Amino acid sequence: MLEVNNLSKEYPTPGGGLPILSGVSLSLGRGEAVSIMGPSGSGKSSFLYIVGALEPPTSGTVTLDGQNPFTMPERELAAFRNRQIGFIFQDHCLLPQLTVLENVLTPTLVAGAQEGGDELERARRLLAEVGLTARSEHRPAELSGGERQRVALARALIRKPLLLLCDEPTGNLDHASAANVAELLLELHRQQKTILVVVTHNAELAAKFPVRYELLEQNLVRDQ
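The structure presented is a predicted model; accordingly, all values stated were derived computationally and were not measured.

J.: I would appreciate a short explanation of the side chain of S136 in the present structure.
T.: The topology assignment puts S136 in the loop between α4 (117-129) and α5 (145-157). Filtering out sequence-adjacent residues up to four positions away, S136 remains in contact with T99, V100, L101 and L127.

Structure representation (structure tokens):
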């Protein structure tokens, strides 16, 4: 369960605090998926980074699986994020010196797991599910944009996270590649019963979700 309660965020400026989010609340259970739209500067990415425990809120609380990550020591927080949260960004953020398979395995190596056994088999299964088995020994420079984002999707899911967060996951892709990545994202979400939150400018992508929100005037408004 993801619980966001009365979340607010402001950034300091020479003229005083700049409010970005104000009183945002959201509750999602395992297997639920939502999209969030909003104009540039509306706070979509800030909301995602707070929910993903990458930056703290100014006020309010975020709990995931009953735990508030912002009460944890830094080392414990990093381990929690690695275990419970998967991220997909507009830029795939793959490591260019690693193969596709090695990139998918990166979160398990960071966690101290060994490259072998269940982790390796799971990475290969995920690459098969995103249609990239034949590319497993290639490096990112040898892939198309859509293929790189499919690698990022497999990497985000390698540790079986409870929460999957996507910031403009199709923003750099052509229409056909974007549609392919979107369908894979939703299908793997259904299979693994993650909590899925996607922020996007793309109305076509947002419309694929059963529950849709807009970030307007610093708060979430559900699309009826």
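J.: Help me out: how do you make sense of the sheet that holds strand β1 (residues 2-13) in this one?
T.: In any sheet, the strands associate via hydrogen bonds between backbone groups, in a parallel or an antiparallel arrangement. Pairing is antiparallel across the open sheet formed by three strands, whose spatial order is β2-β1-β4. Among the strands making up the open sheet, the edge pair consists of β2 (16-28) and β4 (59-64). Each strand of the sheet is rotated relative to its neighbour by a mean of 25°, with strand direction disregarded. Across the face of the sheet, helix α1 (residues 44-51) comes into contact with β1, β2 and β4 while running at roughly 120° to β1.

J.: Even after reading the chapter, I still don't get the sheet that holds strand β6 (residues 163-167), so can you show me in this structure?
T.: Read from one edge of the open sheet, six strands run β5-β6-β7-β3-β8-β9, paired in mixed fashion. The strands lining the two open edges of the sheet, one partner per strand, are β5 (85-88) and β9 (219-222). Averaged over all neighbouring strand pairs, the angle between strand axes comes to 20°, with direction disregarded. Taken together, the four bridges between β5 and β6 define a ladder with parallel strand orientation. Paired with F87 across the two strands is L165, which belongs to β6. Of the strands in this sheet, β3 (33-37), β5, β6, β7 (195-199), β8 (211-216) and β9 are in contact with α1, which crosses β6 at around 155°. Along the sheet face, helix α6 (residues 175-192) touches β3, β5, β6 and β7 and points at about 160° away from the line of β7.

J.: Which parts of the structure should I look at to understand the packing of aromatic side chains?
T.: The geometry of an aromatic ring pair is captured by two quantities: the separation of the ring centres and the angle between the planes. Summed over all chains, the structure comprises two aromatic pairs. Pairing F87 with F89 gives two aromatic rings, centres 5.8 Å apart and planes at 5°, and the pair type is stacked. Take F87: its relative accessible area is 18%, and that puts it in the buried class. Through successive ring pairs, a cluster of aromatic residues spans Y49, F87 and F89.

J.: For this particular structure, what's the right way to read α1?
T.: Because each turn of an α-helix spans 3.6 residues, side chains separated by three or four positions end up pointing in the same direction. Within α1, six of the eight residues are buried, leaving the element largely enclosed by the surrounding structure. Considered for burial, the residues of α1 that qualify are K44, S46, F47, L48, I50 and V51.

J.: What is the right way to read the side chain of S42 from this model?
T.: Examined against the element boundaries, S42 turns out to sit in the loop between β3 and α1. A polar contact is formed between the side chain of S42 and the backbone oxygen of P39, at a distance of 2.7 Å. When sequence neighbours within four positions are dropped, the list of residues in contact with S42 reads I20, L21 and L215.

J.: I would appreciate a short explanation of the layout of surface pockets in the present structure.
T.: Any space left empty among the atoms is revealed by the rolling of a water-sized probe across them. The volume enclosed by the largest pocket comes to roughly 540 Å³. Around the largest pocket, the lining comprises 21 residues; the ones closest to its centre are R81, N82, I85, F87 and P107.

J.: Any chance you could explain the pattern of salt bridges here in plain terms?
T.: Pairs may arise between side chains of opposite charge once their charged atoms sit close together. All told, the structure shown has six salt bridges when counted by the stated rule. Of the charged contacts, one joins E55 and K9 as a salt bridge, the two residues approaching to 3.3 Å between their closest N and O atoms. Residue E55 is located in the loop between α1 and β4, and its partner K9 is located in strand β1; the two are separated by 46 residues in the primary sequence. On the accessibility criterion, E55 (17% relative accessible area) is buried. Given the relative accessible area of 10%, K9 is considered buried.

Cut-off values and rules
Residues numbered from 1 in each chain as written. Predicted model: local features only at pLDDT ≥ 70, side-chain atom pairs only at ≥ 80, totals over all residues. Heavy atoms only, no water. Helix = DSSP H or I, 4+ residues; strand = E, 2+ residues; numbered from the N terminus. Contact = heavy atoms within 4.5 Å. Pairing = 2+ DSSP bridges. Axes fitted to C-alpha atoms, helices over the stretch in contact; angles between N-to-C directions. Phe/Tyr/Trp six-rings, centres within 6.5 Å; stacked < 30°, edge-to-face > 60°. Buried < 20%, exposed > 50% of the residue type's maximum accessible area, 1.4 Å probe, protein only. Polar contact = N/O pair within 3.5 Å; in protein donor to acceptor, adjacent residues only side chain to side chain. 1 Å grid on protein atoms, 1.4 Å probe; cavity = no way out; pocket = protein on both sides within 12 Å on 5 of 7 lines; lining within 4 Å. Points joined across faces, edges and corners; volume = space filled by probe spheres on them. Salt bridge = Lys/Arg side-chain N within 4 Å of Asp/Glu carboxyl O.

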